[in-house]
Amino acid sequence: MVANLRDNIDWNNLNETIFECARTASRLHFLYFGIQFWGECWSGDNAEKTYFIDGKSTECFGGVGKDFANFVYKFIDLGKCRKYILGQ
């Protein structure tokens, strides 16, 4: 887990949780990140090799994973994303 965002979830706008996780993953130079348990931000050095290990899940909602499920994202162009999300 790279960040626990559960205390700051805006239940009316889950995009804020997604963007904060994206910012965290981008700062750490990860290409993939996932959101589990509504607001836990997960990633790692080998995320692109391990995120699919348990197969697909139907336990996601609004762009985030529920208990024990990850909604996984991949940066297509990390350079452009860093510029947009971090203002760099």
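Let us look at the structure shown here.

Rules of the game
- Residues numbered from 1 in each chain as written.
- Predicted model: local features only at pLDDT ≥ 70, side-chain atom pairs only at ≥ 80, totals over all residues.
- Heavy atoms only, no water.
- Phe/Tyr/Trp six-rings, centres within 6.5 Å; stacked < 30°, edge-to-face > 60°.
- Buried < 20%, exposed > 50% of the residue type's maximum accessible area, 1.4 Å probe, protein only.
- Lys NZ or Arg CZ within 6 Å of the ring centre and 35° of its normal.
- Disulfide = S-S within 2.5 Å.
- Helix = DSSP H or I, 4+ residues; strand = E, 2+ residues; numbered from the N terminus.
- Core = buried A, V, L, I, M, F, W, Y, C linked by side-chain atoms within 4.5 Å.
- Contact = heavy atoms within 4.5 Å.
- Pairing = 2+ DSSP bridges.

Looking now at the packing of aromatic side chains. One pass over the full model with this rule turns up seven aromatic pairs. For the ring pair Tyr51 and Phe52, a centre distance of 5.3 Å and an interplane angle of 90° mean the geometry is edge-to-face. A relative accessible area of 43% places Tyr51 in the partly exposed class. Taken together, the aromatic side chains of Phe33, Phe71, Tyr73 and Phe75 make up a single cluster linked through ring pairs. The ring of Phe37 has Arg6 lying over it, and the distance from NZ or CZ to the ring centre is 3.7 Å.

Another point: the state of the cysteines. Throughout this description, disulfide means a covalent bond between two cysteine sulfur atoms. Taken as a whole and assessed by the stated rule, the structure comprises one disulfide. The disulfide bridge from Cys21 ends at Cys41, spanning 2.0 Å between sulfur atoms. In this structure, the disulfide formed by Cys21 and Cys41 twists by about 80° around the S-S bond and is classed as right-handed. With Cys21 in helix H1 (residues 15-27) and Cys41 in strand E3 (residues 40-42), this pair connects stretches of sequence that are 20 residues apart.

This paragraph deals with the nonpolar core. Within the largest apolar cluster, 14 residues are counted, with the highest numbers of intra-cluster contacts made by Cys21 and Phe33. Contributions of two or more residues to this core are made by H1 and strand E2 (32-36). In terms of residue count, the dominant contributor to this core is H1 (four residues). Setting aside anything within four residues of it in sequence, one finds Phe33 in contact with Ile18, Cys21, Ala22, Ala25, Trp42, Ser43, Phe71, Val72, Tyr73 and Phe75.

Judged by pairing direction, the sheet is antiparallel, and its four strands sit side by side in the order E1-E3-E2-E6 without closing on themselves. Pairing within the sheet leaves two strands with one partner each, and these edge strands are strand E1 (3-4) and strand E6 (70-74). In this structure, E2 lies alongside E6, joined through five bridges in antiparallel fashion. Following the sheet pairing, Tyr32 is matched in E6 by Lys74.

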